[in-house]
Amino acid sequence: MWPKRSQQVHLQDSFQSRFFRMGVQAPQRLLELAGQSLLKNEALAIAALEELPMELFPPLFTAVFTGRHSNILKAMVQAWPFRCLPLGALMKEQQPHQETFQAALDGLDVLLAQEVRPRRWKLQVLDLRKKVHQDFWTVWSGTRAGICSFLEPEAVQPMRKRRKVDGLRVGPKPPSAPVEVLVDLCLKEGTPDASLAYVIKKVKQGRGLVHLCCKRLKIFAVPMQNIKNILKMVQLDSIQDLEVNCTWNLSTLGQFAPYLGQMGSLRRLLLSHIRMSSHTTPAKEEQGVSQFTSQFLSLHHLRELYLDSISFLKDRLDQFLRCLKTPLETLSITNCLLSELDLTRLSQCPNISQLKHLDLSGVTLSCISPESLQVLIERTSATLQDLDLDECGIMDSQFTAILPALGRCSQLTILSFSGNPISMAVLENLLRHTIGLSKLNHVLYPAPLETYEVDYGTLHLGRLAYLHARLKQMLQELGRPNMVWFSANPCPYCGDRTFYDPEPIPCPCYLPA
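Residues numbered from 1 in each chain as written. Predicted model: local features only at pLDDT ≥ 70, side-chain atom pairs only at ≥ 80, totals over all residues. Heavy atoms only, no water.

- By the naming in an unreviewed UniProt entry, the chain is Melanoma antigen preferentially expressed in tumors isoform X1, taken from Equus przewalskii.
- Per its UniProt entry, the chain bears the Sequence similarities (unreviewed entry) comment "Belongs to the PRAME family." (UniProt positions renumbered as here; feature names shortened; annotations may be inferred.)

Laid out in structure tokens, this is it:
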């Protein structure tokens, strides 16, 4: 029960005498003691919120949340004086009691149900993400300057931008404006997340006044109907980062496609392990691919595209590329089959002109003419920073053909091509071609062919150490002693990489138990 008006005045005066007169410059220990005293009287604490200095809301909220004072927590959510309440960051530090978490959402419910909202109400975003606003609850120092600079409503810039519509002036939200609940979603099999279930329940009950927004969405092995049920509750245009790690077939991917097309703010997309059904006719297969790739026409902000183990990609890469609306910064095509036509079309794609990261690891290039790869590298040479060609089956002749193009990659910082059958002579030639690249500081190369035993094909560590020392000496002589060249090869027992620089850094398989 809220106290009557006369009682509120008395309680507030009592609170001021014990709390406000110390001022916000009071030592932290005194503030803690005052907060503890206040929490002993629930009615006093709730009544005092109307006059509580904004600087004291974060420490008091932390104490309320930790102490599981559910009624005070509800009231504090309603009176929260900042645009954003980063509850998720607080939940990361403490494992929340489910009742306490639900009390916070119930407070939001009460707030939205009021026709006349509290005078100090500013809450627009309830942020339940645990990896943002890391310092929010610890930065306060007891001084107005130190706290206000961090907690001012203007601090949450992305939310302001989204409120500008058709050039209208940004002002205070009208009473009917919805509150956004921000989450990162990870959909996978197992025990349902009780907190997420309660959030979705509140969104359903919110009569459109609660918008469930999600910046990052990860999908693992979950029935498609479950995915649909959750995505229907999410503001899909809020999703910026999507990972789909499912062994879906093309038909299932087609069911997901319409949801992808509504993710207009998407910047990063990872798609992994999509396979074709052996029972699908060529016509159905083509229809499914077209249905999915056409969704890229709606992704006007896509900058990073990761395609891993996509079985239908061969001779169809162009269908993805044609639908891209903006230049990519990252393109990763790994463990996929590509044809020479695919690589040619990739090198001709206008949306790779600003590429910074290119990863083709696990794509077999041994049967593809080196000219296509050479043109691709040349087209991206002005911006490329990270190039990964691990396990591509590239041999000496192909690698030699692309050396001039590599030598023109002025922004290159990392080059990785381990797992390819390359000789020491080609490695030395590569070093000479790239020694002038001032930003190149890490090169991960394969153990040269000369380091393997002829009869058994096993790695001779002594030879590898000798050749590695030889490369380091060349770097010293050519004036680049700080450029790091190191080798990596699969462990013969588990397949994980074993690194050599110049001595081996052994895989745990080699270490005694």
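That shown, we press on.
Structural notes on the overall build of the chain
- Across its full length, the chain carries 19 helices and 16 strands.
- The buried share of the chain, taken over its 513 residues, is 49%.
- The long-range share in the chain, meaning contacts at least 24 apart out of those at least 6 apart in sequence, stands at 79%.
- For the chain, the exposed surface amounts to about 24600 Å²; the carbon and sulfur share of it is 53%. (Helix = DSSP H or I, 4+ residues; strand = E, 2+ residues; numbered from the N terminus. Buried < 20%, exposed > 50% of the residue type's maximum accessible area, 1.4 Å probe, protein only. Contact = heavy atoms within 4.5 Å. Areas by Shrake-Rupley, 256 points an atom, 1.4 Å probe, with all protein chains shown as cover.)

So, the pairing of strand 4 (residues 210–219)
- Most of strand 4 sits out of view: 7 of its 10 residues are buried.
- Note: strand 3 (residues 179–187) against strand 4, 8 bridges, orientation parallel. What sits directly across from Leu182, in strand 4, is Cys213.
- Direction of pairing for strand 4 relative to strand 5 (residues 234–235): parallel, over a ladder of 2 bridges. (Pairing = 2+ DSSP bridges.)

Things to note about the environment of Leu128
- If you trace the backbone, Leu128 turns up in the loop between strand 2 (125–127) and helix 8 (144–151).
- Not counting chain neighbours up to four residues away, the residues in contact with Leu128 comprise Leu87, Gly88, Phe101, Val181, Leu182, Val183 and Val199.

Here we look at helix 17 (residues 396–406)
- Listed in full, the buried residues belonging to helix 17 are Gln398, Phe399, Ile402, Leu403, Ala405 and Leu406. End-on view of helix 17: buried residues confined to an arc of 165 degrees, all on one side of the axis. (Arc of directions from axis to C-beta.)

Some remarks on the side chain of Asn420
- Inspection of the secondary structure puts Asn420 in the loop between strand 12 (414–416) and helix 18 (424–434).
- A residue is classified by how much of its surface remains accessible, and Asn420, at 4% relative accessible area, is buried.
- A polar side-chain atom of Asn420 sits 3.1 Å from the main-chain amide nitrogen of Cys392.
- Other than its neighbours up to four places away in sequence, Asn420 contacts Leu389, Asp390, Glu391, Cys392, Gly393, Ile394 and Pro446. (Polar contact = N/O pair within 3.5 Å; in protein donor to acceptor, adjacent residues only side chain to side chain.)

Notes on the nonpolar core
- Grouped together as the largest cluster of nonpolar side chains are 143 residues, with contacts concentrated most on Phe61 and Phe296.
- Ranked by residues supplied to this core, first place goes to helix 7 (residues 98–113) with 7 residues.
- In this structure Phe61 touches Leu73, Met76, Val77, Trp80, Leu85, Leu87, Leu90 and Trp137, once residues within four positions along its chain are discounted. (Core = buried A, V, L, I, M, F, W, Y, C linked by side-chain atoms within 4.5 Å.)

Section: unusual backbone geometry
- The backbone of Arg68 shows a phi angle near 60 degrees, a positive value even though the residue is not glycine.
- For Arg68, the location among the structural elements is in the loop between helix 4 (57–67) and helix 5 (70–79).
- You can call Arg68 partly exposed: its relative accessible area is 49%.

Let's talk about the pattern of salt bridges
- Overall, the coordinates contain 14 salt bridges when judged by the stated rule.
- The salt bridge partner of Arg408 is Glu378, with a shortest N-O separation of 2.9 Å. One end of the pair, Arg408, is in the loop between helix 17 and strand 12; the other, Glu378, is in helix 16 (residues 370–379), with 30 residues separating them in the sequence.
- For Arg408, a relative accessible area of 47% translates into the label partly exposed.
- You can call Glu378 partly exposed: its relative accessible area is 30%.
- What you see here is one network of salt bridges that share partners, running through Arg216, Asp241, Glu243, Arg268 and Glu304. (Salt bridge = Lys/Arg side-chain N within 4 Å of Asp/Glu carboxyl O.)

A look at the confidence of the model for the chain
- Mean pLDDT over the chain works out to 82, with 78% of the residues at or above the 70 mark.
- Considering only residues more than four positions removed or in separate chains, one finds that residues 141–175, a stretch of pLDDT under 50, has 48 contacts. (pLDDT = per-residue confidence, 0-100.)

With respect to empty space enclosed by the protein
- Overall, the coordinates contain 1 cavity of 30 Å³ or more when judged by the stated rule.
- Roughly 60 Å³ of volume is contained in the largest cavity.
- Looking at the largest cavity, the residues that line it are Leu343, Leu365, Ile368, Ser369, Pro370, Leu373, Ile394, Gln398 and Ile402.
- Of all the elements in the fold, those that place two or more residues in the lining of the largest cavity are helix 16 and helix 17.
- Taken together, the residues that form the lining of the largest cavity break down as 7 nonpolar, 2 polar and no charged. (1 Å grid on protein atoms, 1.4 Å probe; cavity = no way out; pocket = protein on both sides within 12 Å on 5 of 7 lines; lining within 4 Å. Points joined across faces, edges and corners; volume = space filled by probe spheres on them. Nonpolar A, V, L, I, M, F, W, Y, C, P; charged D, E, K, R; others polar.)

Focus: the packing of aromatic side chains
- Counted according to the given criterion, the structure contains 13 aromatic pairs.
- Ring geometry for Phe61 and Trp80: centres 5.3 Å apart, planes at 70 degrees, overall edge-to-face. Placement of Phe61 in helix 4 and of Trp80 in the loop between helix 5 and strand 1 (84–85) is noted, with a sequence separation of 19 residues between them. When sorted by exposure, Phe61 lands in the same class as Trp80, which is buried.
- Relative to Phe320, the ring of Phe296 lies with its centre 5.5 Å away and its plane at 80 degrees, an arrangement referred to as edge-to-face. Note that Phe296 is positioned in the loop between helix 13 (282–293) and strand 8 (304–310) and Phe320 in helix 14 (residues 317–322), a separation of 24 residues in sequence. (Phe/Tyr/Trp six-rings, centres within 6.5 Å; stacked < 30°, edge-to-face > 60°.)

Some thoughts on the state of the cysteines
- Within this structure, the stated rule accounts for 0 disulfides.
- Cysteine Cys214 remains unbridged, with the sulfur of Cys213 as its closest cysteine sulfur at 8.9 Å. (Disulfide = S-S within 2.5 Å.)

A look at the packing of helix 7 against helix 10 (residues 194–205)
- Direction vectors running N to C along helix 7 and helix 10 enclose 15 degrees, while the axes themselves pass 11 Å from each other. The orientation of helix 7 relative to helix 10 falls into the category roughly parallel. As helix 7 runs across helix 10, the sense of the crossing is right-handed. The residues of helix 10 that touch helix 7, namely those facing Gln98, Phe101, Gln102, Leu105, Asp106 and Asp109, are Ala194, Ser195, Tyr198, Val199, Lys202 and Gln205.
- Its residues assigned to classes, the contact of helix 7 with helix 10 shows 5 nonpolar, 4 polar and 3 charged. (Axes fitted to C-alpha atoms, helices over the stretch in contact; angles between N-to-C directions. Parallel < 35°, antiparallel > 145°, perpendicular 65-115°, else oblique. Left-handed = near helix turned anticlockwise from the far one by under 90°.)

Considering the pairing of strand 13 (residues 442–445)
- By the bridge criterion, 3 bridges tie strand 12 to strand 13 in an arrangement that is parallel. Residue pairing in the sheet places Leu415 in a bridge with Val443 of strand 13.

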